[in-house]
2 protein chains.
Amino acid sequence: MEPNIATIGSLVGDQARSKMLIALMGGKALTATELALEADISAQTASSHLAKLVEGGLLVVRKQGRHRYFQLRGEEVAGLIENMFNISSSLSEESVFTGPKDKNLRASRICYDHMAGKLATQLYESLVDKQFIKDNISESTLSEEGKQFFLDLGADLSEVSGLKRPLCKPCLDWSERKSHLAGSIGKWVLSDVIQRKWAARDLNSRALRFSDDGLKAFKKRYGL
Amino acid sequence: MEPNIATIGSLVGDQARSKMLIALMGGKALTATELALEADISAQTASSHLAKLVEGGLLVVRKQGRHRYFQLRGEEVAGLIENMFNISSSLSEESVFTGPKDKNLRASRICYDHMAGKLATQLYESLVDKQFIKDNISESTLSEEGKQFFLDLGADLSEVSGLKRPLCKPCLDWSERKSHLAGSIGKWVLSDVIQRKWAARDLNSRALRFSDDGLKAFKKRYGL
DNA sequence: CGAATACTTCGATAGCCATCGAACTAATTG
DNA sequence: CAATTAGTTCGATGGCTATCGAAGTATTCG
């Protein structure tokens, strides 16, 4: 038996479930009720959907008191979702993105555990400009100068790299259609921004809200 | 409106359609009847499925006489399928791969327009060993020596590279769980192998069948 | 031309599954 | 302990869609 693609497809292929998955792209673990709200369905229905997503291996659960926190199973799954975003947005050519919510998402949002959106692609371009990243379209590496740059910023590369996860990896942005920074470094940049309180995760979406000062500081730090 | 992931999911999320998509991963354009056979359904049903896949942007059609040839819409879509393969095979942990057909697939098969399977991952490892490819786990570039190596083999890198497609790009192999060679160079290697008649595409599957002599010649050419 | 092949369109049918109301378990709070 | 909150299980319903038979169009072949 070849691996079963169809079951994965059908898991994503339901409006309610896909809304949940997208919500979880924010990287935060969400409770069943939050996800029910996100998907505009009753708690019962949500429960059955979530059971399927866990059974199907796309989500994992952590029980905590009377809450159950759901999360994407890992980078692999997040990659799949982003992949589908890219395809579907490359299809609807001139898709109409209107409304304030979408504007925020386009400006800056969270893609699993790193930043995405306009600001994130600007950052990536600037890092390439400064030759901190060597970009070969779909593959890229952090240069020695780049490593030094992040060390100076306070990133603990030894801790951050380790494991099997690539240090620096481009991730195609569905709204900008350019690369933004994923990988361990991408994750570090996001956590750094949040720790410095330059930006906060939006409560109900994947949007990442920068304060005026925070945005200024961010641009200064990375020379944008 | 955010791009619609669910429709893409549901397109893949049907047994018959997923079988068709997998068959098309062989890279060859197939006719409607061939795909109907592949999916074990009647011609009428296949026709409706194919219409949906085209409408949904996953496939493209070329009309030729009384035949209609279907193909994956591009590398992006092929990547999605491979992506799902990886997830689903990482789920069914110790999935049982038995039967001669699967053995052939594991040894050598076609992944859209390049080689995959055991032989392909061996090739990739060897190229990394010889420092023709600089591998940074999920990103990689062709070194100067590597470029020279392929030029010597007769690859026309200027023609082969061009465009926006990366020259050299790793692609995670679902049966081996290692990288194999994708990108323009990956494509060139496959077409070279076929042109030299060292191997032939299997008629009814994605398997790539090497002749004894062909396999020997291939291993010699790439020093395996 | 007539016959065969490739494919589509149009029903009708049947099975699957998303949905929610109702009733349950389980944890928390006061 | 009773009341509230979080989540599940069960059963009924309704809608969606994969399926194929039958009949249609288009193309090729002899």
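In what follows, the accompanying structure is described. (Residues numbered from 1 in each chain as written. Chains lettered and ligands numbered in written order. Predicted model: local features only at pLDDT ≥ 70, side-chain atom pairs only at ≥ 80, totals over all residues. Heavy atoms only, no water.)

**Focus on the sheet that holds strand β2 (residues 59-64) of chain A**
Residue and element names in this part refer to chain A.
Then, in step 1: Strand order across the open sheet formed by three strands is β1-β3-β2, with antiparallel pairing between neighbours. Each end of this open sheet is capped by a strand with a single partner; those strands are β1 (30-31) and β2.
Then, in step 2: In the packing of helix α4 (residues 43-55) onto the sheet, contacts are made with β2 and β3 (67-72), and the angle to β2 comes to roughly 115 degrees. (Pairing = 2+ DSSP bridges. Helix = DSSP H or I, 4+ residues; strand = E, 2+ residues; numbered from the N terminus. Contact = heavy atoms within 4.5 Å. Axes fitted to C-alpha atoms, helices over the stretch in contact; angles between N-to-C directions.)

**Thoughts on the packing of aromatic side chains**
Then, in step 1: Scanning all chains against the criterion turns up 12 aromatic pairs over all chains.
Then, in step 2: Taking the centre distance of 5.0 Å and the plane angle of 55 degrees together, the rings of B:Phe218 and B:Tyr222 count as tilted.
Then, in step 3: An aromatic cluster of three or more residues is present, and its members are A:Phe132, A:Phe149, A:Phe150, A:Trp188, A:Phe210, A:Phe218 and A:Tyr222. (Phe/Tyr/Trp six-rings, centres within 6.5 Å; stacked < 30°, edge-to-face > 60°.)

**A word on the protein's contact with DNA strand D**
Then, in step 1: Taken together, 20 residues are adjacent to DNA strand D, and A:Thr33, A:Arg68, B:Gln44, B:His49 and B:Lys52 come closest.
Then, in step 2: Of what DNA strand D places within 4 Å of the protein, 73% of the atoms are sugar or phosphate.
Then, in step 3: At 2.5 Å from a phosphate oxygen of DNA strand D is found a side-chain nitrogen or oxygen belonging to A:Ser47.
Then, in step 4: Looking at the surface near DNA strand D, the elements with two or more residues in it are α3 (32-39), α4 and β3 of chain A together with α2 (15-24) and α4 (43-55) of chain B.
Then, in step 5: For the surface near DNA strand D, the element with the highest residue contribution is α4(B), accounting for four residues. (Near = heavy atom within 4 Å. Polar contact = N/O pair within 3.5 Å; in protein donor to acceptor, adjacent residues only side chain to side chain.)

**Re the protein's contact with DNA strand C**
Then, in step 1: The full set close to DNA strand C counts 20 residues, and A:Gln44, A:His49, A:Lys52, B:Thr33 and B:Arg68 are the nearest of them.
Then, in step 2: For DNA strand C, the fraction of protein-proximal atoms (within 4 Å) that sit in sugar or phosphate groups is 73%.
Then, in step 3: Between DNA strand C and the protein, one listed contact pairs a phosphate oxygen with a side-chain N or O atom of A:Lys52 at 2.6 Å.
Then, in step 4: The separation between a phosphate oxygen of DNA strand C and a polar side-chain atom of B:Arg68 is 2.4 Å.
Then, in step 5: Sorting the residues of the surface near DNA strand C by element identifies α2 (15-24) and α4 of chain A together with α3 (32-39), α4 and β3 (67-72) of chain B as the ones contributing at least two each.
Then, in step 6: Broken down by element, the surface near DNA strand C gets its largest block of residues, four residues, from α4(A).
Then, in step 7: Each residue belonging to the surface near DNA strand C can be placed in one class, and the counts come to four nonpolar, 10 polar and six charged. (Nonpolar A, V, L, I, M, F, W, Y, C, P; charged D, E, K, R; others polar.)

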